[in-house]
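Remarks on the overall topology
Listed below, chain by chain, are the residues.
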Amino acid sequence: MKVAIVGAGPAGAHLAALLSQNGCEVLLFDAREKPWEKPCGGGVTTKALREFEFLQNGDSEKQLVSTVRVIGASGREVSVQPKSDFAIYSRAELDRLMRERAVKAGAEFVCARVARIAREAGKWELRMQDGREFVCDFLVGADGATSKLRPKLGIEFKPRDFIYGLGWHIKTENPADWDASRVDIKYLTSSAGYIWAFPRADHISYGIAVKYQERTPAQLKAELLDFIEAQLPHIAREIKASTHHSTAHATFYGAMIPSLVVESWDVLKVSDAAQHWALIGDAAGFVDPITGEGIYYAIKSAELLAQAILTRTKDYEGLWRAEFGADLRRAAEMLDRFYYGKFLGQPFTERLIQFARHHRGVRDTLNDLIAGDQDYLSLKRRLFRNALKI
Ligand SMILES: Cc1cc2nc3c(=O)[nH]c(=O)nc-3n(C[C@H](O)[C@H](O)[C@H](O)COP(=O)(O)OP(=O)(O)OC[C@H]3O[C@@H](n4cnc5c(N)ncnc54)[C@H](O)[C@@H]3O)c2cc1C
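Residues numbered from 1 in each chain as written. Predicted model: local features only at pLDDT ≥ 70, side-chain atom pairs only at ≥ 80, totals over all residues. Heavy atoms only, no water.

A look at the overall build of the protein
Counting its secondary structure elements, the protein contains 13 helices and 21 strands. In terms of overall size, the protein behaves like a compact globule, its C-alpha atoms giving a radius of gyration of 21 Å where 390 residues would be expected to give roughly 21 Å. Dimensions of the protein, computed from C-alpha atoms along their principal axes, come out at roughly 65 × 50 × 40 Å. Intrachain contacts of the protein at a sequence separation of at least 6 include 69% that bridge at least 24 residues. Taking the average place of the 53 positive charges on the side chains of the protein and the average place of its 50 negative ones, the gap between the two points comes to 4 Å. (Helix = DSSP H or I, 4+ residues; strand = E, 2+ residues; numbered from the N terminus. Rg over C-alpha atoms; globule rule 2.2 N^0.38 Å. Contact = heavy atoms within 4.5 Å. Lys, Arg positive; Asp, Glu negative; His and termini not counted. Charge placed at Lys NZ, Arg CZ, Asp CG, Glu CD.)

Side note on the sheet that holds strand β19 (residues 277–279)
Strand order across the open sheet formed by six strands is β8-β2-β1-β12-β19-β18, with mixed pairing between neighbours. The strands lining the two open edges of the sheet, one partner per strand, are β8 (108–111) and β18 (271–272). In terms of strand pairing, strand β1 (residues 2–6) meets strand β12 (residues 138–141) through four bridges, oriented parallel. Residue pairing for β12: Val-3 is matched across the bridge by Phe-138. (Pairing = 2+ DSSP bridges.)

Concerning the site of the ligand
Around the ligand there are 35 residues in total, and Asp-30, Lys-38, Gly-41, Arg-91 and Asp-282 lie nearest to it. Interatomic distance of 2.8 Å between a backbone N/O atom of Gly-41 and a nitrogen atom of the ligand. Contact distances for the ligand include 2.8 Å between an oxygen atom and a side-chain N or O atom of Arg-91. Taking 1000 Å² as the accessible area of the ligand by itself, protein coverage stands at 90%. Looking at the shell around the ligand, the elements that each hand over two or more residues are α1 (10–21), β2 (25–30), β15 (193–199), β17 (250–258) and α9 (295–311). (Near = heavy atom within 4 Å. Polar contact = N/O pair within 3.5 Å; in protein donor to acceptor, adjacent residues only side chain to side chain. Areas by Shrake-Rupley, 256 points an atom, 1.4 Å probe, with all protein chains shown as cover.)

Some details on the nonpolar core
One recurring pattern in soluble globular proteins: nonpolar side chains tend to sit buried together. Ranked by internal contacts, the top residues of the largest apolar core, which has 78 residues, are Leu-55, Leu-126, Phe-286 and Tyr-316. Filtering out sequence-adjacent residues up to four positions away, Leu-126 remains in contact with Ala-4, Val-6, Phe-29, Val-114, Arg-116, Ile-117, Arg-132, Glu-133, Phe-134, Cys-136 and Leu-139. Judged by nonpolar contacts, the second largest core, of 37 residues, contains Phe-86, Val-183, Ala-192 and Leu-352. (Core = buried A, V, L, I, M, F, W, Y, C linked by side-chain atoms within 4.5 Å. Buried < 20%, exposed > 50% of the residue type's maximum accessible area, 1.4 Å probe, protein only.)

A few points about helix α6 (residues 217–231)
Residues spaced three or four apart along an α-helix face the same direction, because each turn holds 3.6 residues. Look at α6: 21 Å from first C-alpha to last across 15 residues, which is about the 21 Å you get at 1.5 Å a residue. Within α6, burial applies to Leu-220, Leu-224, Leu-225, Phe-227 and Ile-228. Looking down the long axis of α6, one finds its buried residues gathered within 165 degrees of arc, a one-sided arrangement. Structural note: α6 exposes Ala-218, Asp-226 and Ala-230 on the side pointing more than 90 degrees away from its buried face. If you follow the buried residues of α6, they end up packed against β5 (67–71), β13 (162–170), β14 (182–187), β15, β16 (204–211) and α7 (233–241). (Expected span 1.5 Å × (residues − 1). Arc of directions from axis to C-beta.)

Some remarks on a positive patch on the surface
Together, Arg-32, Arg-113, Arg-116, Lys-148 and Lys-152 give the surface a local cluster of positive charge. Within the secondary structure, Arg-32 sits in the loop between β2 and β3 (43–44). (Patch = residues over 30% accessible without salt bridge, like charges linked within 9 Å, V, L, I, M, F, W, Y side chains within 5 Å. Salt bridge = Lys/Arg side-chain N within 4 Å of Asp/Glu carboxyl O.)

Details of the domain arrangement of the protein
When cut into domains, the protein gives domain 1 (2–62 + 88–158 + 262–332), domain 2 (159–258) and domain 3 (340–389). Its C-alpha centre places domain 1 at a distance of 27 Å from the equivalent point of domain 2. The junction of domain 1 with domain 2 conceals about 1700 Å² of combined surface from both sides, 63% of it contributed by carbon and sulfur atoms. Broken down residue by residue, the surface that domain 1 buries against domain 2 is led by Pro-39, Ile-88 and Lys-158, which jointly contribute 33%. As a salt-bridge pair, Glu-37 and Arg-200 come within 3.2 Å of each other at their nearest N and O atoms. Counting the contacts that link domain 1 with domain 2 gives eight residue pairs in polar contact (both at pLDDT 80 or more). Of all elements in the fold, only β7 (87–89) and α8 (262–267) reach the threshold of two or more residues within the side of domain 1 that touches domain 2. (Domains from an automatic or database assignment. Buried area = accessible area lost by both parts, 1.4 Å probe.)

Things to note about the pattern of salt bridges
Applying the stated criterion to the full structure yields 25 salt bridges. Across the pair Arg-50 and Asp-373 runs a salt bridge whose closest N-O atoms are separated by 2.6 Å. You can see Arg-50 sitting in helix α2 (residues 46–51) and its partner Asp-373 sitting in the loop between α12 (360–371) and α13 (379–389), a full 323 residues away along the chain. Judged by its relative accessible area of 34%, Asp-373 is partly exposed. In this structure, a network of salt bridges that share partners links the residues Arg-69, Glu-77, Arg-182 and Asp-184.

As for the pairing of β12
The two faces of β12 match: Phe-138 and Val-140 on one face and Leu-139 and Gly-141 on the other face are all buried. When β12 meets β19, the two strands line up parallel, connected through three bridges. Bridge pairing in β19 links Val-140 to Ala-278.

Laid out in structure tokens, this is it:
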């Protein structure tokens, strides 16, 4: 079986490694020759580190987090100490680690942008932007949130199925400027999203993300700059004074993140076993709609598709739905209540922080939510039980 994987991010690279290790001939395409600092917080949850041993033990540099500071829109805050490792990766580093694993396992990396695909006589024909052509038996779209393969395979996401995020990767010369083992998360007033500050080895990733078109990029920038100003006033001043998006110390980024609505989860079909194609990772929409966490689901979906391809008996659609589909659908269902809902007269996120400050049970729930260990299917029940105790 010759498999073409378009996109060498975490999803594509992991699938390439698994299939190559098991005897498939794999072509792994990416438009970029070298892994780069993608727009991403790089937060890798405890659950992901526990399940994917190569993340824990790989040679790539990561920042381990000892404190997560969660701040409400009102400024009320609570700090939680993750019970197990929670890591922040530079995306250049994470993608390098994963791409190298794939090539070591035997995948052939092709630096090219896939421009056209066509199904001819039971095979897939791929045409690169530079004119080169390749033929394969099975086609995998791992080309990220704004996948070009997805619409070609008949799947359309609507604007409501996305979050928009922007921010700056900030370098400061003074390490005392920030506590490298602490991450900050700040909820916003009446918006489905949050601000983050995630420290990496040599910079901090500051970002803000909300449901697409909920706020203009200018509004998002202004809100994030207020947050940065409170922590790094000299950098905020530098950005505000500049006529460019990026400055000497701050590299600007902006990108879409899938955040599928319930109706989209209900009709989502990301493969066709008869036609020999499948989507994984962001291309398939596999991101937590509430938190925007996608790295875990990128790697997990690659693992499930590898199982389906290698055994030829397992159904990929059934596997992803059972493994995480129901939970992500539940997150989509809860999104409005999580971000706009009220609990005892206050925004839900404010109450969560307030209760977490005073009640160990709620603090543990918040901790597990951040660690990826609290599923959405049982979240309401657990919070309700804690609320009753309070
Ligand atoms: C602002 C922001 C913050 C985020 N923060 C977090 C976080 O803290 N934690 C977390 O878990 N997730 C986070 N995410 C989500 C996370 O980045 C994605 O879920 C993850 O990168 C998905 O991996 P992937 O392999 O599916 O896609 P990607 O990593 O996007 O990889 C897709 C690859 O496809 C290549 N490609 C695209 N088109 C073509 C083509 N035509 N031909 C060849 N190659 C092509 C691209 O070059 C790219 O390398 C964030 C996302 C954003 C935008």
